[in-house]
Amino acid sequence: MKDFPDMDANKSLKLPFYIKATILLVGLFAFISMLYIAQEILLPLIFSVMIAVLLHPIVNFFVRMKINRVVAIIFTLFLTVLITASLAALIFRQASIFAETWPILLDKLSKTLNEFTHWGSRYFDLNQWKVNRWITNAKTESLTVSGAQVGQTMFAVGNAIMIMLLIPVYVFILLYYKKLLIEFIHRVFMRSDQKRISNIISETKTVIQRYLAGLVIEAVIVGILNITALFALGIEYAILLGIIGALLNVIPYIGGLVAVALPMAVALATKSSGMYAFYVLGIYYIIQVIDNNLIVPLIVSSKVKINALFAIIVVFAGNALWGISGMFLSIPLLAIVKVIFDHIEPLKPWGFLLGDTMPISPVINPIIKKIKSKTS
């Protein structure tokens, strides 16, 4: 009778590959579905955890100065909210000025596009009437807003406001109960795993702090470069466009492409020559080269070792799952997953796959040589 459990265990270990793959895929599908369904709960909580981890050293600094922990947390949150609100007020002020002149810019941009299509139809021997009809239909579809879309937009804005109000509360609670939460994580696992759990928590905290701090530094540098370049070219709304470009640039590989479209459109609408749009494109390209080859490797990528292939995949997957918020969260969450994989023996190959460390010599070569020497 004592042999039956061992037999059952052996049978469970020797399941066919297609059954194991099916179980894995079904479990993965269920997990992703849960993430999608619970996004309104998870998104503010994940943002709060990352902000709490980022602010934790500042709170500890005030605590070391003999300030009460609750007061230190409140003061740190106050400073964070003040800085964020100041930046939001600056963006809102610039955006309100931009919105007042938007109809004029739109008319100028339409005239510029008409002139460009007229030139393109003659140069490439195209039917100008068909090109104009295609552009008109595209503009009509993009500007047509139904009542349902207005309702969805208002609902999204309401949710965003609720999230913005919830995040400071979550951050305060997470910072206050930090020791309780870490102790709970330790108690969930066995004593033999405590060292590994401590390493995972420590490295995860370090990854989040350094990555988010790196992103803030990168955004500030890119924003200054954008604003300086646009002012040098005489492009209107340089501050607003530069800040938007810096914020979009935080989204890896995709944000930089989107960030250049708006200043190019403004250049086309406000400048007498269309060459200014190409000047903007060229100078943004130079900024991207500096960012990708100097700022990111030194400040951001040195903190998170994720290869470009999976970074691009996970950004698109994050957008499909959670929208723009998912694009922002994709890289730090993938970095946390990599830290966990690197500390669990069966998952170490997956952690290696996510990283950007190229193997000096493949591991399989010595094995093949050993097999060949035995057979010979």
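See the structure printed just above.
The shown structure was predicted, so the numbers you read here are calculated from the model rather than taken from an experiment. Within each chain, residues carry numbers counting from 1 in the order of the written sequence. Totals for whole chains, interfaces and linings use every residue, but because this is a predicted model, local features are given only for residues with pLDDT of at least 70 and side-chain atom pairs only at 80 or more, for both listing and counting. The side-chain quantities take in all heavy atoms of the structure and omit both hydrogens and water.

Describing the overall build of the protein chain
Here comes step 1: Each helix and strand in the protein chain was counted, giving 17 helices and zero strands.
Here comes step 2: Only protein chains enter the area calculation, which uses a 1.4 Å probe; residues under 20% of their type maximum are buried, those over 50% are exposed, and those in between are partly exposed. For the protein chain, buried positions account for 28% of its 376 residues.
Here comes step 3: We get accessible surface area from the Shrake-Rupley algorithm with a probe of 1.4 Å; when it comes to residues, only the shown protein chains can shield them. In the form shown here, the protein chain has an accessible surface area of approximately 25,300 Å², with 72% of it arising from carbon and sulfur atoms. By the criteria applied, helices consist of DSSP H or I runs no shorter than four residues and strands consist of E runs no shorter than two, each listed in order from the N terminus.

Observations regarding the pattern of salt bridges
Any two side chains of opposite charge can pair, given that their charged atoms come close.
Here comes step 1: Just to be clear on terms, a salt bridge is a Lys or Arg side-chain nitrogen sitting within 4 Å of an Asp or Glu carboxyl oxygen. Tallying each qualifying case throughout the model produces three salt bridges.
Here comes step 2: A salt bridge links Asp342 to Lys338; the nearest nitrogen and oxygen atoms lie 2.8 Å apart. Taken together, the residues Asp342 and Lys338, both in helix 15 (residues 324-342) and four residues apart, mark about one turn of the helix.
Here comes step 3: Asp342 gets classed as partly exposed once you look at its relative accessible area, which sits at 28%.
Here comes step 4: The partner of Lys348 in a salt bridge is Glu345, and the shortest N-O contact between them spans 3.2 Å.
Here comes step 5: On the accessibility criterion, Lys348 (36% relative accessible area) is partly exposed.
Here comes step 6: For Glu345, a relative accessible area of 56% corresponds to the exposed category.

Comments concerning the packing of aromatic side chains
Here comes step 1: Working definition: rings of Phe, Tyr and Trp (its six-membered ring) pair if their centres are within 6.5 Å, and the pair is stacked with planes under 30 degrees apart, edge-to-face with planes over 60 apart, and tilted otherwise. According to the stated counting rule, one finds five aromatic pairs in the structure shown.
Here comes step 2: Here the aromatic rings of Phe172 and Tyr176 are separated by 6.3 Å at their centres, their planes lie at 5°, and the arrangement is stacked. Of the two residues, Phe172 and Tyr176 are both situated in helix 7 (residues 147-176); the distance of four residues between them amounts to about one turn of the helix.
Here comes step 3: Overall, the relative accessible area of 41% leaves Tyr176 in the partly exposed class.
Here comes step 4: Aromatic pair Tyr276 and Tyr279: ring centres 5.5 Å apart, planes at 75°, arrangement edge-to-face. Here Tyr276 and its partner Tyr279 are both found in helix 13 (residues 275-300), three residues apart, which amounts to about one turn of the helix.
Here comes step 5: The class of Tyr279 is partly exposed, set by a relative accessible area of 41%.
Here comes step 6: Among the aromatic residues, those joined into a cluster by ring pairs are Phe61, Phe62 and Phe75.

Some words on the nonpolar core
Here comes step 1: Ranked by size, the top nonpolar core spans 25 residues in total, and within it Met50, Ile208, Leu212, Val315, Trp322, Leu329 and Ile331 carry the most contacts.
Here comes step 2: Elements that contribute at least two residues to this core include exactly helix 3 (39-64), helix 9 (194-233), helix 14 (308-322) and helix 15.
Here comes step 3: Throughout, a residue-residue contact means that at least one pair of heavy atoms, one from each residue, lies within 4.5 Å. Setting aside chain neighbours within four positions, we find Ile208 in contact with Met50, Val53 and Ile336. By nonpolar core we mean a set of buried residues, namely Ala, Val, Leu, Ile, Met, Phe, Trp, Tyr and Cys, connected to one another through side-chain atoms within 4.5 Å.

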